[in-house]
Each structure stands twice: as structure tokens, then as C-alpha cells.
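Single-letter residue listing:
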Amino acid sequence: MPTQSTASSVQNELTGPLPGHPHVHRQQGQLFVEGCSLNDLAAQHGTPLFVYSKAAMRGALAAYQRGFKGRNAQICYAMKANSSLAILQFFAQQGCGFDIVSGGELARVKAAGGDLSKVIFSGVGKTRTEMRAALEAHIACFNVESEAELSVLNEVALSLGLRARISVRVNPNVDAKTHPYISTGLKGNKFGIAHEDALSVYQRAAALPGLHVVGIDCHIGSQITEVDPYLEAMDRVLDLVAQIEAAGIPLHHIDFGGGLGIDYNGDTPPAADQLWALLLAKLDARGYGQRQLMIEPGRSLVGNAGVCLTEVLYLKAGEQKNFCIVDAAMNDLPRPAMYQAFHHIVPVLEHAAETKLYDVVGPVCESGDWLGRDRFLNVSPGEVLAVLSTGAYCVSMASNYNTRGRAAEILVEDTQAQLIRRRESIEDQLALEQLL
Ligand code: LLP
């Protein structure tokens, strides 16, 4: 039987705040988010359950705000990271705008009371219907990704008697040094306009009567943990700003995208304020320090604010591995299956005893349905585990695969826990369908 045991796992020994998670801590053996016991929340609301810390989001946002102090900068939260309405409402209340990629996300900004004049619309495949809705909402800017899109947006705007404010998303051909699925600034990616073509595309855009060129945009990837790709991309973008303005097309703002990584497993991304100190020094040195800036951070605002609670259903000794079968699965937490991503998994109640090596897996009928591999755990059925760093790209990427309902979500502030999404019922799922 594959039962390696150790004195105790690193994860089980943690006391006090968890690394990368200043608002998740152990107190007398129990795991808390701020002042709320996770064991109690799981007992009250069931599992799988996502729990977010407001203080963690506030802290993450504050790092950007410190970095931009005294500058003309607009933070547009990339809501694809987590688009639950209460999360959007929180960021709207903090003065954030939003980076959207669909008509659905636009509707969410409206439902959350966000300021539409602070919305930017990214994405390679905007439909005419989506363009129309965004034009009628008078959003701040469309980040256009192709010449074909320029023509269509021009037509749609003219048909409404409006002019669309646009940036062109330029592809700086910089390696963000991240997972290939989330690297977007290289030549082989579907995103943006090649650096070499940017000037001519801007000239074309400036000549179209339904468009008003207002900025330039660039986003090189996600979960970026190094400074150099950002510095390199900034240089490339500023080279273009100089060229485009020399051609007589003024650029009101520079949108530098998102992408800053978080600590999943000892990752050491720069803090947002440190990164921006370096980028602003570059902007200052080249004379663009007072230009309006926009950024589109997603993961770095919410990723480490969230944990997912899941109950251990069964322990199973396989031929080569032990399996810890839990009630959350790839439909709730798609990142391990999609990107072989690592998330720490820790028991909510700590107790000292022998630990075993497990693969933590979900109930979905796929071998790819794993949440963590080769983890030392000391657990029994009925216990609750917390999967860490699950505030970003988890609920927003969840599906109903295997007719599993989507998990509930809780937002914690100190000792207050508020249900912000109820668990999806089977009735919710069946409601859209009809028999022959
Ligand atoms: N702006 C644009 C145009 C984007 O495409 C993205 C993310 C962002 C901003 C926000 O990037 P962030 O600050 O969150 O890195 N599902 C993947 C991540 C996909 C990112 C897609 N684009 C994951 O779970 O790692």
C-alpha cells in the first residue's frame, strides 16, 4: 500500500497567518478567514464553499493605490478573475472601473452599480450586439484587437450616430515567462496587433469617422512573477507612443493591462507598488509620467483573498497512490486540470497524528479531476479541507459538468460572514431545458 508517512506535513504545522494569505490564519488549531471560523462556515453553509476576505481585497487594492499616489491612474478590475456581483460592488465602491470581455460582463457591471464611464472592453471576438450595448452605455474605451474589428466597430458606431473611443491593443512580442495558456504578448498568440503593424493600424483607425483614438493598450499575460517582461513591454509600448504621436495621432491614455502574479506556492511576484515604482520611473524618464494610465489587474486583487472549503468524502488506497476524494471537483476548481496549477490544501481543523501521501481528487469522471497531487495530509472522511488561493479564476470558470451545481460564496468582513451567492440547485440547472 502506498502509505508514506511523515512526522507531519508542512501544511499542517502552520500556525498564525498562512504565507501569502495574511487574512487566513490558524488560531488554536482552527483555520480562520479574518474573524470567521472556516469549520463553522462549512457546517452552516455546506461544501464546496468559497470564502473571501474583504480585508485581503482591500489590502491588494491598496498596494496599487499606493503605487499610483499622485498620478493620474484608473484601476480597471479585470472582472473575469471573479465576477460575482458583491465582489464587483466592492471594487466599484473603492472607485475602480472594470475591464470587461463580453456583453454579459457589461451587464454585471450595471447590476453591481459600477460606473460605466470607467469601463474598458477587451477581447478578440466582440460581437456587433456587444459593441452596440457598450456604445449605448458610453463606456470609456474599446481595446481593439484586429483591423477587422476596427471596421465593424466603426460601422456599428456610425449606425448609432456615435463615435467609439478606442485603443489598439498592441502585441509587444515579449515573453511573460508564464504558463503558455496564459501568455498573451508573444507573436504566436491570437491577441493584439503586431508591433510592426501598429502605426499603420492607428493611421487607419484615425481616418475612420466612427472611431475616436484615445489610447494604446497592451497586456502580456497572467501570473507574471518577474519584473523584466513588464519593463521590456513598457519600453516597446512607449516606442510606439512616440511613433504614433509623431504621426499626428495624440494618445490620451496608456493602458498597461494586468497580469501581476500571486504567491500560490512560494512564488515571489513583486508587490504592485514596487512594480509600479519601477514602471513609473521608466515613464518619467521618457517624459510620459503625467499621461493618464489605466491598468487591468484581476488575479492580484482577488486570488489570495479566497479559499474553497471542501469535505473529505472517502479515503481510498489505490495500487500506486492513496486518494483523498473530496466533494469539490474540476468543475469548481478548474485550474489544476487546465494548467497543472498548484494550490495549497490544508485541513481546517488541525490534529497531530500520522500523515499520509494523497492525491486529492474530485468526484468528476475524469482522471484530470485532481485538485492536488502528492500531498501529505492527516484527514478522515467528514473533515473539511481548505484549498487556498482560489479567489481568482475559480468560481468565474466553474461549470456544471457532471450536472454538479455551482458552489456557494461567502464574503467575510471581520466576524461578519455574508452569503453572496447561494448554492445552485438542481432546479436552477434544469430550468433552462425542455423535453422534446
Ligand atoms: N486584461 C486582459 C486583456 C486579460 O486578458 C486578462 C486576463 C487580464 C487583464 C487580467 O489578468 P490578471 O491580472 O488576472 O493576470 N484562467 C487563467 C488566467 C487567464 C487570464 C486571462 N486574461 C488562470 O486561471 O490562471
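Since this is a predicted model, take the numbers as computed values, not measurements. (Residues numbered from 1 in each chain as written. Predicted model: local features only at pLDDT ≥ 70, side-chain atom pairs only at ≥ 80, totals over all residues. Heavy atoms only, no water.)

Draft legend 1. Summary view of the layout of surface pockets. Looking at the second largest pocket, its volume works out to about 440 Å³. In terms of lining residues, the second largest pocket is bounded by 26 residues, among which Gly20, Ala60, Ile262, Ser300 and Asn304 are the most central. Elements that contribute at least two residues to the lining of the second largest pocket include exactly strand 3 (21-27), helix 2 (54-67), helix 9 (272-285) and helix 10 (299-302). Per-element tally for the lining of the second largest pocket: the top contributor is helix 2, with seven residues. Split by residue class, the lining of the second largest pocket holds 15 nonpolar, seven polar and four charged. (1 Å grid on protein atoms, 1.4 Å probe; cavity = no way out; pocket = protein on both sides within 12 Å on 5 of 7 lines; lining within 4 Å. Points joined across faces, edges and corners; volume = space filled by probe spheres on them. Helix = DSSP H or I, 4+ residues; strand = E, 2+ residues; numbered from the N terminus. Nonpolar A, V, L, I, M, F, W, Y, C, P; charged D, E, K, R; others polar.)

Draft legend 2. Inspection of the side chain of His219 at higher detail. One can find His219 in the loop between strand 13 (211-217) and helix 8 (228-246). A polar side-chain atom of His219 sits 3.3 Å from the main-chain carbonyl oxygen of Gly221. Polar contacts involving the side chain of His219 include one to the main-chain amide nitrogen of Gly258, which spans 3.0 Å. (Polar contact = N/O pair within 3.5 Å; in protein donor to acceptor, adjacent residues only side chain to side chain.)

Draft legend 3. Highlighting empty space enclosed by the protein. For the structure shown, the criterion picks out two cavities of 30 Å³ or more. Here the largest cavity is characterised by a volume of approximately 70 Å³. The wall of the largest cavity is formed by Tyr64, Tyr230, Phe256, Gly257, Gly258, Gly259, Leu260, Leu275, Trp276, Ile295 and Pro297. Of the residues contributing to the lining of the largest cavity, the split by class is eight nonpolar, three polar and no charged. In this structure, the second largest cavity encloses a volume near 40 Å³.

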